[in-house]
Amino acid sequence: MPNDNAKVFVTKPHLPSLERLTKILRTSWDASQITNFGPLHTLLVDRLSQLAGTEYCVLFNNATTALMATLATLTEGQTGEVITTPFTFVATANSVVWSGNTPIFADIDPATGCLCPKSAEALITPATRAVVPVNCYGNSPDFKAFEEISASHKIPIIYDACHAFGIEDTVSVMQHGFASVVSFHATKVFNTFEGGAVFTKNKDLSKKLNRFLNFGIDATEQSMNVIYPGINGKMNEASAAMGLLQLEDFAESTQKRESIDAIYRKEFGNHAGIKCFADITHTKNNYAYFPIVLENSTERERVLKRLRQENIFARRYFYPLVTDLSFYRKRSQKPAPMLPNSEWLSDRVLCLPIFSDLSQEIAKEIVNIVAVTLSHGYKGN
Ligand code: T4K
């Protein structure tokens, strides 16, 4: 069991050695260019767009800015409503608000934690400007159903794919929708300290985003102009350097997380009182999260508390629902949306620690603590 100095958190960033980081940064140092589209930034854009097969990859300083910029760019001059999920990190809804649009919350599919297409489609009105499903825990939203909704209602689908870096369903999942936005935050399986990216096949969107993240500046050798107020959303060279190293290590770190996933799945896959998610549509997974769904919130709190007593910090991603946070509760659509599946999952889900440095021994210990806590014999508090 971990001692006091060895707290086990839900995640831990994969960190390449400082020597490797300094070595790769030499390129930017030699060019005296540390931000504003330097040499490592250019290299990372090329590598990532190739990997995703999307043609365009626009790097940002974080995914919240990237989502906001994508929605602001799409709805510029005609803002309205954006349909999304309440079962997500608050950044999804915040980015809708900052883009000048109003979030409208639809329910989820409890089998994946992702936005339910039928629930979303029922909320489409003439004011709807976009739909933003989240690839929750890396699980896939029903891509086909959302594609059909997009075609029949002429509404773009922007995936908040913040959890989905590296996932493939024969091809990269970044290829779905009008755009997919990924987070490269320290807590993600691929990190650039802070960072994010928009993947798209749409040339016009990528052009507008590149302008938007650079204050809206449209410059040539001869002239400089700004036609809308952009933001500073640029990724710097240190972050790009980190990204290039993470790419080198990604296969190995994914393999390590896969072995932790296997330990959890072996025990919990057939455990009465626990449900695991399994995305059968994936041909390649990233093993970023290991959520378990317990029978009710009392059981979830009992497990959470018991793990904490052992210095293990599982997390209730995502509780509370976004619609239960003060800002959104006050502004939620009227009449209040019925979100039974979101409420059900939010009350029961618990994400267990999973990261490349997590030892198999600690993973087995976690399995043991959860199993004993849930067993009738355990009466601890
Ligand atoms: N959309 C979705 C669906 C998202 O999940 C997120 C972010 C976004 C959009 C926005 O993406 P970004 O704008 O962030 O690129 C964390 C992250 O801060 C957040 O990025 C992430 N989702 C969310 C799911 O998780 P917290 O409040 O749980 O972070 P924190 O600081 O408690 O970190 C969790 C654990 O990770 C800590 O207990 C310890 C460990 N940790 C964390 C950091 C930062 C480390 O070991 N080292 C570190 O440097 O939100």
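What you see is a predicted model; the values in this text were computed from it and never measured.

A. Focus on the sheet that holds strand β7 (residues 128–132). Across the sheet, three strands lie side by side as β4-β3-β7; this open sheet has parallel pairing. Strand pairing shows two members of the sheet lacking a second neighbour, β4 (102–105) and β7, which therefore form its edges. The sheet shows a mean angle of 30° between the axes of neighbouring strands, taken without regard to direction. The pairing of strand β3 (residues 81–84) with β7 spans four bridges and is classified as parallel. The residue of β7 that forms the bridge with Val-82 is Ala-130. The strands that helix α4 (residues 91–98) touches are β3, β4 and β7; relative to β4, the one it contacts most, it runs at about 140°.

B. The pairing of β4, seen in detail. For β3 and β4, the ladder comprises four bridges, and the chain directions are parallel. Across the sheet, Glu-81 pairs through a bridge with Thr-102, a residue of β4. As for the winding sense of the linkage, the β-α-β connection from β3 through α4 to β4 is right-handed.

C. Seen up close, helix α1 (residues 18–31). Counted at 1.5 Å a residue, the expected span for α1 with its 14 residues is 20 Å, and the 20 Å between its end C-alpha atoms agrees. In α1, a bend of some 35° at Leu-25 exceeds every other bend along the element. Among the residues of α1, those classed as buried are Leu-21, Ile-24, Leu-25 and Ser-28. Of the surrounding secondary structure, the elements contacted by the buried residues of α1 are α2 (39–52) and α8 (237–268). Downstream of α1 by a residue or two, Ser-32 has a phi angle that is positive, lying close to 50°.

D. Quick peek at the packing of aromatic side chains. Going through the model one piece at a time under the given rule, you end up with 18 aromatic pairs. For the pair Phe-165 and Phe-190, a centre-to-centre distance of 4.3 Å together with 25° between the ring planes defines the contact as stacked. A residue pair is termed long-range when its members are at least 10 positions apart, and Phe-165 in the loop between β8 (158–160) and β9 (168–169) and Phe-190 in the loop between β11 (179–183) and β12 (196–200) qualify at 25 residues. Given the relative accessible area of 1%, Phe-190 is considered buried. For Arg-331, the ring lying beneath its charged end belongs to Phe-327, and the centroid distance is 3.9 Å.

E. Region of interest: the site of the ligand. For the ligand, the set of nearby residues contains 23 residues, the closest of which are Thr-64, Asp-160, His-163, Ser-183 and Tyr-317. Asp-160 places a polar side-chain atom, nitrogen or oxygen, 2.7 Å from a nitrogen atom of the ligand. Lys-188 is positioned such that a nitrogen or oxygen atom in its side chain is 3.0 Å from a nitrogen atom of the ligand. Alone, the ligand offers 920 Å² of accessible surface; in the complex the protein occludes 76% of this. When grouped by side-chain class, the residues that make up the shell around the ligand number nine nonpolar, ten polar and four charged.

What counts, and at which threshold
- Residues numbered from 1 in each chain as written.
- Predicted model: local features only at pLDDT ≥ 70, side-chain atom pairs only at ≥ 80, totals over all residues.
- Heavy atoms only, no water.
- Pairing = 2+ DSSP bridges.
- Helix = DSSP H or I, 4+ residues; strand = E, 2+ residues; numbered from the N terminus.
- Axes fitted to C-alpha atoms, helices over the stretch in contact; angles between N-to-C directions.
- Contact = heavy atoms within 4.5 Å.
- Right-handed = clockwise from strand over helix to strand, strands pointing away.
- Expected span 1.5 Å × (residues − 1).
- Bend = angle between axes of the 7 residues up to and from the residue.
- Buried < 20%, exposed > 50% of the residue type's maximum accessible area, 1.4 Å probe, protein only.
- Phe/Tyr/Trp six-rings, centres within 6.5 Å; stacked < 30°, edge-to-face > 60°.
- Lys NZ or Arg CZ within 6 Å of the ring centre and 35° of its normal.
- Near = heavy atom within 4 Å.
- Polar contact = N/O pair within 3.5 Å; in protein donor to acceptor, adjacent residues only side chain to side chain.
- Areas by Shrake-Rupley, 256 points an atom, 1.4 Å probe, with all protein chains shown as cover.
- Nonpolar A, V, L, I, M, F, W, Y, C, P; charged D, E, K, R; others polar.

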